[in-house]
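Topology and contacts: notes
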Amino acid sequence: MSDIAKRFPENPLLMPKDLTASNPELQIISLLNPGVFTFENKTWLLVRVAESIAQKEGVIFFPVVNALGKIEIIEIPLNDPDLIANDARVVNYKGLDYLTTLSHLRILCSDDGKKFYEPKDATTLLMGSGILEQFGIEDCRVTKLEDTYYLTYTAVSENGVGVGLRTTKDWKSFDIKGMIFPPHNKDCAIFEEKINGKFYALHRPTSPQIGGNFIWLAESPDGIHWGNHQCILRSRPGQWDSARVGAGAAPIKTEKGWLEIYHGANAEHQYCLGAFLMDLENPAKVIARTIDPIMLPQESYELSGFFGYVVFTNGHIVNGDKLTIYYGAADEFVCGADFSIQEILDSLQY
Ligand code: MAN
């Protein structure tokens, strides 16, 4: 058994019933994949809240934000011959893909890292904005670099799935920087330090014919304009990460190199976590990688839910040797687990 995560006994930390929907017409289907940061001595989560409207017999819905910024519900009878609905997360109608839920981000805080609440009198809802975010915003990574927090998230619309960027210094006002990696791209994590004066980021374009769902590295003079893309980590045929790999949160600086926790999935869409190590001076050089997952779904809240057999992380806190990850379980719950960084380093294959 290769799972070296010490899960919180309090898991799940958050379930859909713990928050209120963003709009009285909607209900929360899942709370998942939180970005994590510290601010004013508290631990904060930027939780993805996926919403839809109440179930009705014989029909399927998908909510979208229309051009006027209003939520519109598209309703289709389940027996419509133009409908392909065999994945809880996406449906295809008349040849176009739609999400079954609409996601926004919710800001929660905690004094002990276990009990999270929505702070009063604060901005707690970040919604998609503009035509590139009409199907929602998801899976935000939060990077603190100098005095600025960089929020990189999945922006979904009928134009495709790309990476959006907003920045903030005070968590009250946000600068919308637009799309930094166009479709198809997601899982973007900016490094928390510049290397040789440049910003670096991991990202995950998808190349459907030749290539695949691989992790790439990019660099930038300003955190907004990215170039010199290099493919640094690929999925591995026949293994647990055979179909896709994608970065978690910002790489962790260790004496041995930049340590990245990543997710991998196989063709059955089973998501586990692994780790790899990049050279400190030249992160395009991957020097080691785990063979087996360091965490795999095994608790009931990871095995069944909105989309079962999933552990997915995009946020963590580092405290000495202790790495606390927050993660989405079964695409429905927010959970936490601790790792020893040394133990992860020891499980790498050079
Ligand atoms: C996949 C899943 C979904 C997500 C969409 C769009 O289908 O990760 O949860 O909503 O991609 O990003």
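The coordinates are above.
Computed from a predicted model, the values in this text were never measured in an experiment.

Attention shifts here to the environment of Ile 224. Within the secondary structure, Ile 224 sits in the loop between strand 17 (215-220) and strand 18 (227-233). Here Ile 224 falls in the partly exposed class, since its relative accessible area comes to 28%. Residues Ile 224 and Arg 289, 65 residues apart in the sequence, show an inter-C-alpha distance of 29 Å. When near neighbours in sequence (up to four residues on either side) are disregarded, Ile 224 contacts Leu 165, Lys 177 and Ile 180.

What follows is about the site of the ligand. Lining the immediate surroundings of the ligand are Arg 48, Arg 89, Leu 99, Glu 138, Thr 154 and Lys 186. Glu 138 places a side-chain nitrogen or oxygen 2.7 Å from an oxygen atom of the ligand. A distance of 2.9 Å is found between an oxygen atom of the ligand and a side-chain nitrogen or oxygen belonging to Lys 186. Here the residues of the shell around the ligand sort into 1 nonpolar, 1 polar and 4 charged.

On to the sheet that holds strand 18, then. With antiparallel pairing, the 4 strands of this open sheet are ordered in space as 15-16-17-18. Two strands bound the open sheet, and with one partner strand each, they are strand 15 (185-190) and strand 18. Strand-to-strand twist of the sheet, defined as the mean angle between neighbouring strand axes without regard to direction, takes the value 25°. Across 4 bridges, strand 17 lies against strand 18 in antiparallel orientation. When the bridges of strand 18 are listed, Trp 216 appears paired with Cys 231.

What counts and how
- Residues numbered from 1 in each chain as written.
- Predicted model: local features only at pLDDT ≥ 70, side-chain atom pairs only at ≥ 80, totals over all residues.
- Heavy atoms only, no water.
- Helix = DSSP H or I, 4+ residues; strand = E, 2+ residues; numbered from the N terminus.
- Buried < 20%, exposed > 50% of the residue type's maximum accessible area, 1.4 Å probe, protein only.
- Contact = heavy atoms within 4.5 Å.
- Near = heavy atom within 4 Å.
- Polar contact = N/O pair within 3.5 Å; in protein donor to acceptor, adjacent residues only side chain to side chain.
- Nonpolar A, V, L, I, M, F, W, Y, C, P; charged D, E, K, R; others polar.
- Pairing = 2+ DSSP bridges.
- Axes fitted to C-alpha atoms, helices over the stretch in contact; angles between N-to-C directions.

Nothing here speaks to function; it is all geometry.
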